[in-house]
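If you want the building blocks of each chain, they are given just below.
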Number of protein chains: 2
Amino acid sequence: MSGFETSLAALSALGDRRAWSLIVTVFGDMARGPEDAVSGPVLSRILEPVGVRPEAMRVALHRLRKDGWIISEKAGQTSNHRLSAFGLEQSEAASPRIYATEGPAAGRWRVLVPRPAPQPEFAARRDALAATGWVAAGGVFLTAGDGAGATAEDMVITGDLSALPGWAQAEIEAPALAAGYAALKAALERVDAALGPAPALAPVETAALRALIVHNWRRLTLKHPALPDAAYSAGWNGPACRRLTHDLLARLGRPRISGPDALD
Amino acid sequence: MSGFETSLAALSALGDRRAWSLIVTVFGDMARGPEDAVSGPVLSRILEPVGVRPEAMRVALHRLRKDGWIISEKAGQTSNHRLSAFGLEQSEAASPRIYATEGPAAGRWRVLVPRPAPQPEFAARRDALAATGWVAAGGVFLTAGDGAGATAEDMVITGDLSALPGWAQAEIEAPALAAGYAALKAALERVDAALGPAPALAPVETAALRALIVHNWRRLTLKHPALPDAAYSAGWNGPACRRLTHDLLARLGRPRISGPDALD
C-alpha cells in the first residue's frame, strides 16, 4: 500500500465519519474565509476516498444549508459552497481549541464548590458549567479558564493546584474519551510512519488526510473542557494526540481547495 | 453593686465554670512559668468568688495532678502548685490562639477536596482534619493555616478565596458557638461598662475577673479552627469577643499570684 492508502486505512478505521461533520471540518480547515467557495466536484474528490458517498454528500449539504452553516450557489453545471456568517463564527469559535499547539497553562486554577444539592440539581449544574470549561471531580468543579459561569452562591478559590490525585484523574478521564485518544494516537503514529518526513502526495490526497486527521482530533477534544496537560494521568493520550496532529498538519501543508486552481 | 460585683455576675451567668478548667486558666494566664508556684490559699481566694467550693477545688487539683498537669508540694500548713512540664507545654500550645489580638490573615487559603467517601468516613476525616485547623463546608475543607493534615490522596488548591457564600458561612458557624459568642459579647460589654476606663480593683478581684474572662473566651475559641474574620457572616460575634477580651485584659493588668507578694 502507498503511504496515502495506509494512512487512509488507519484513520478510516477510527469510525464515526459522518458526512456533515467531515464537510464542516473541510471548510473549517481549508476554506475558512467568507470568499472561500468550494465546488461540489472538489468536495466530492476530497471526501469520496474517505467514504462519503454522493447521496450522503447531497443529504449533508442540504442539512448544512438548512441549519444555516453553508451557502450554496449554482455556477453552470455545478454548485459552489461556502461558510455562512454563522458557519464562519462557529468555525472561528472552535478553532483555538482545535489548533492550539499546547494545552492551557497550569499556573492558575479555579476550584468551585457549589452549594450542596441533591444529585439531579448537581448534574444540571455540571452540564451548565461544562459549557464554560469546568470539569467535575469530587463534587467540586475545576477549570484553568477564566471562571465564567460561577455565581455569588458558589465558593470559588483561585490559585495553585498540586498534581491531581488518582481518583480525581479517574473522574475527569472519561473512559470513552480515554479509549478514543488511545485509538487516535495509534492511528496517527501509523500515519506518521507511513508518510515519512516529506510526504509525496497529490493535493487531493493531502486534503483527504487533513480532513480525517482534524475530524478525528476535534471530535475528541471538543467533547471535554480543556485542562492543563499536568492535570491528567500518564495513561491519558490527549497531549500526545495534540502533538501528533499538529506535527502531521504542519508536514502535510494546506492545499488550495477553492478558486480556479483548487487541488492543482 | 460595685463594678466588680456587676462584672462577676455578668461573667458567672455564662455558665460552665468547671473548677478543673478554671484552675488551668488561672495558671495559663497568671502563672505560666516553671517557677510560678501558686499556694492553695491564693488559688482559693481567686476562685471562691467565682463559685468554686473548697471540695470542688480539692477534687480538681487531685485530678490535675493525676493527669500530669500540675505538681503540688507541701510547704508547712499549705501546698504550693505549679504547672508540670506537660502542663506548661499545653498552656504554651493554646496561648497563641487565646491571646492573638487578630484573626489569621485572609490572604492565603487552602481548600482540600477529599476522595469521595461515604458519610462515616467523611465524618472521621472531618474530626481528624479539625485538629490541624481545617473546617468542613460543602463537602470540602478550608483552612488559613499551613495545610498540615493533607495527604497525596487529597486535591488541595492554595490561593485566594472570595468571601464565603451564605450557605458555607452557615455551615462553619455552628449554632452552639454562635449563641455562645453572642452571650459572651453581651457579658463582656456589661463588664466593659461596669469597670470603666480605669478599673479600681483589689488584685484578687482582678485575678478573679481575668480567670472568668479568659476561661469563657478560651472555651469558645479553642472549640473551632481559626479562620480569617472575613470568612464569617456579619452576625458572627467571634471577632468582637476577641477585641473585647483583649481590651479588658489590657485594662485589668496581670496581678502577681505567685511568690511571697502574691495578691498584694
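Numbering of residues starts from 1 in each chain and follows the order in which that chain's sequence is written. Note on labels: chains are lettered from A, ligands numbered from 1, in written order. Reporting in this predicted model follows two pLDDT cut-offs: at least 70 for local features of residues, and 80 or more for side-chain atom pairs to be given and counted; totals over whole chains, interfaces and linings ignore these cut-offs and use all residues. Derived side-chain values reflect all non-hydrogen atoms in the structure, with water molecules and hydrogen atoms excluded from consideration.

Side note on the nonpolar core
Ranked by size, the top nonpolar core spans 146 residues in total, and within it Ile46, Leu47 and Ile257 of chain A together with Leu47 and Ile257 of chain B carry the most contacts. It only takes one pair of heavy atoms within 4.5 Å for two residues to be counted as in contact. Beyond its immediate stretch of four places on either side in the chain, Ile257 of chain B contacts Val26, Met30, Ala31, Ala37, Val38, Val42, Ile46, Ala207, Ala262 and Leu263 of chain B. Grouping buried Ala, Val, Leu, Ile, Met, Phe, Trp, Tyr and Cys residues that are joined through side-chain atoms within 4.5 Å yields what is termed a nonpolar core. Partly exposed residues are those whose accessible area sits between 20% and 50% of the maximum for their type, while under 20% is buried and over 50% is exposed, using a 1.4 Å probe and protein chains only.

Examining the side chain of His224 of chain B
All names here are of chain B. A helix here means a DSSP run of H or I that spans at least four residues, while a strand means a run of E at least two residues long, and both kinds are numbered starting from the N terminus. With respect to the element layout, His224 can be found in the loop between α9 (203-221) and α10 (238-252). With relative accessibility at 12%, the residue His224 sits in the buried group. If we ignore the near neighbours within four places in the chain, the residues touching His224 are Arg97, Leu177, Tyr181, Tyr232 and Trp236.

Remarks on the pattern of salt bridges
The term salt bridge refers to a pairing of a side-chain nitrogen on Lys or Arg with a carboxyl oxygen on Asp or Glu at a separation within 4 Å. A full pass over the atoms with the stated rule returns 34 salt bridges over all chains. Across the pair Arg108 of chain B and Asp160 of chain A runs a salt bridge whose closest N-O atoms are separated by 3.6 Å. With Arg108 of chain B in the loop between α5 (85-99) and β4 (109-113) and Asp160 of chain A in strand β7 (residues 155-161), this residue pair bridges two chains. Arg108 of chain B gets classed as partly exposed once you look at its relative accessible area, which sits at 45%. The structure contains a network of salt bridges with shared partners spanning Asp16, Arg18 and Arg219 of chain A.

Here we look at the sheet that holds strand β1 (residues 38-39) of chain A
All names here are of chain A. On the basis of which strands lie adjacent, the open sheet formed by three strands has the order β1-β3-β2 and antiparallel pairing. Across the chains shown, the open sheet's two edge strands, defined by having one partner strand only, are β1 and β2 (70-75). Between any two strands, pairing holds if DSSP finds at least two bridges. Pairing of β2 with strand β3 (residues 78-83), which is carried by six bridges, proceeds in the antiparallel orientation. Directly across from Lys74, in β3, lies its bridge partner Ser79.

Examining the interface of chain B and chain A
Each partner contributes to the interface: chain B provides 28 residues, whereas chain A provides 28 residues. As a working definition, buried area equals the accessible area (1.4 Å probe) given up by two parts on being put together, with both sides summed. Between chain B and chain A lies a buried interface of about 2,000 Å² when both sides are counted; carbon and sulfur atoms form 68% of it. On the chain B side of the contact with chain A, Met155, Ile157 and Trp167 of chain B bury the most area, a combined 37% of that side's loss. Scanning the region where chain B abuts chain A turns up two salt bridges. Here a polar contact is recorded for every N or O atom pair within 3.5 Å, except that within protein the pair must consist of a potential hydrogen donor and a potential acceptor, and residues adjacent in sequence are included only if both atoms are side-chain atoms. Counting every contact that joins chain B to chain A gives four residue pairs in polar contact (both at pLDDT 80 or more). Broken down by secondary-structure element, the contributors of at least two residues to the side of chain B that touches chain A are β4, β6 (140-143), β7 (155-161) and α7 (166-172) of chain B. Take the side of chain B that touches chain A: its biggest share by element is seven residues, from β7 of chain B. Bridge count between β7 of chain A and β7 of chain B: five bridges; the pairing is antiparallel. Among the inter-strand pairings, Ile157 of chain A is bridged to a residue of β7 of chain B, identified as Leu161 of chain B.

Notes on the relation of the copies chain B and chain A
Turning chain B through 179° and shifting it by 0.0 Å along the axis lays it on chain A, with an RMSD of 0.1 Å. When the rotation and shift are considered jointly, the pair of chain copies conforms to a two-fold rotation axis. No C-alpha of chain B lies nearer the rotation axis than that of Gly159 of chain B, which sits 2.0 Å from it. Looking at the interface residues of chain B, 100% of them are also at the interface in chain A, so both copies use one shared face. When the copies are superposed, the least-squares fit takes in the C-alpha atoms of residues with a pLDDT of at least 70 in both.

A short note on the packing of aromatic side chains
All names here are of chain B. Only rings of Phe, Tyr and Trp enter the pairing, Trp through its six-membered ring, and a pair is recorded when the two centres are within 6.5 Å. The plane angle decides the type: under 30 degrees is stacked, over 60 is edge-to-face, the rest tilted. Throughout the structure, instances matching the rule amount to twelve aromatic pairs over all chains. Ring plane angle 75° and centroid distance 5.6 Å describe the contact between Trp20 and Trp69, whose orientation is recorded as edge-to-face. Here Trp20 is found in helix α2 (residues 19-30), whereas its partner Trp69 is found in the loop between α4 (54-66) and β2 (70-75), with 49 residues between them in sequence. Take Trp20: its relative accessible area is 25%, and that puts it in the partly exposed class. Trp69 sits in the buried class, given a relative accessible area of 12%.

A word on the environment of Arg115 of chain B
In this structure, Arg115 of chain B sits in the loop between β4 and α6 (119-130). In sequence terms Arg115 of chain B and Met155 of chain B are 40 residues apart; their C-alpha atoms lie 7.9 Å from each other. Look past the residues within four positions of Arg115 of chain B in its chain and what remains in contact with it is Trp167 of chain A together with Glu153 of chain B.

Points about the environment of Arg125 of chain B
All names here are of chain B. Here Arg125 shows up in helix α6. Once the C-alpha coordinates of Arg125 and Phe141 are considered, the two residues, 16 residues apart in sequence, prove to be 9.8 Å apart. Once residues lying within four places of it in the same chain are set aside, the contact partners of Arg125 are Leu112, Pro114, Phe141, Gly149, Ala150, Thr151 and Asp154. Here Asp154 takes part through its side chain, which lies 2.8 Å from a polar atom of the side chain of Arg125.

Examining the pairing of β6 of chain B
All names here are of chain B. Residue alternation in β6 divides its side chains into two sets, Val140 and Leu142 and Phe141 and Thr143, and both sets are buried. Judged from the three bridges that link them, β4 and β6 form a sheet pairing that is antiparallel. Considered in β6, the bridge of Val111 is made with Leu142. Here strand β5 (residues 135-137) folds back onto β6 in antiparallel fashion, the turn holding two residues, of which Gly138 has a positive phi close to 65°.

Comments concerning the sheet that holds β4 of chain B
By definition, the strands of a sheet pair up through backbone hydrogen bonds, in either a parallel or an antiparallel sense. Taken in spatial order, the eight strands of this open sheet run β5(A)-β6(A)-β4(A)-β7(A)-β7(B)-β4(B)-β6(B)-β5(B), and their pairing is antiparallel. At either margin of the open sheet sits one strand with a lone partner, and together these are β5 (135-137) of chain A together with β5 of chain B. Ignoring strand direction, the axes of neighbouring strands in this sheet form an average angle of 35°. Where helix α6 (residues 119-130) of chain A meets the sheet, it contacts β4 (109-113), β5 and β6 (140-143) of chain A, and its direction lies at approximately 5° from that of β6 of chain A. Helix axes use the C-alpha atoms of the stretch in contact, all axes being lines fitted to C-alpha atoms, and the angles between their N-to-C directions lie in the range 0 to 180 degrees. Most of the contacts of α6 of chain B go to β6 of chain B, to which it runs at about 5°, and overall it touches β4, β5 and β6 of chain B.

Quick word on unusual backbone geometry
A positive phi angle is found at Asp16 of chain B, which is not glycine, with a value near 50°. Position of Asp16 of chain B relative to the elements: it lies in the loop between α1 (3-12) and α2.

Some words on the side chain of Ser91 of chain A
Among the structural elements, Ser91 of chain A can be located in helix α5 (residues 85-99). Ser91 of chain A has contacts with Gly28, Arg32, Trp69 and Leu83 of chain A, leaving out every residue within four places of it along the chain.

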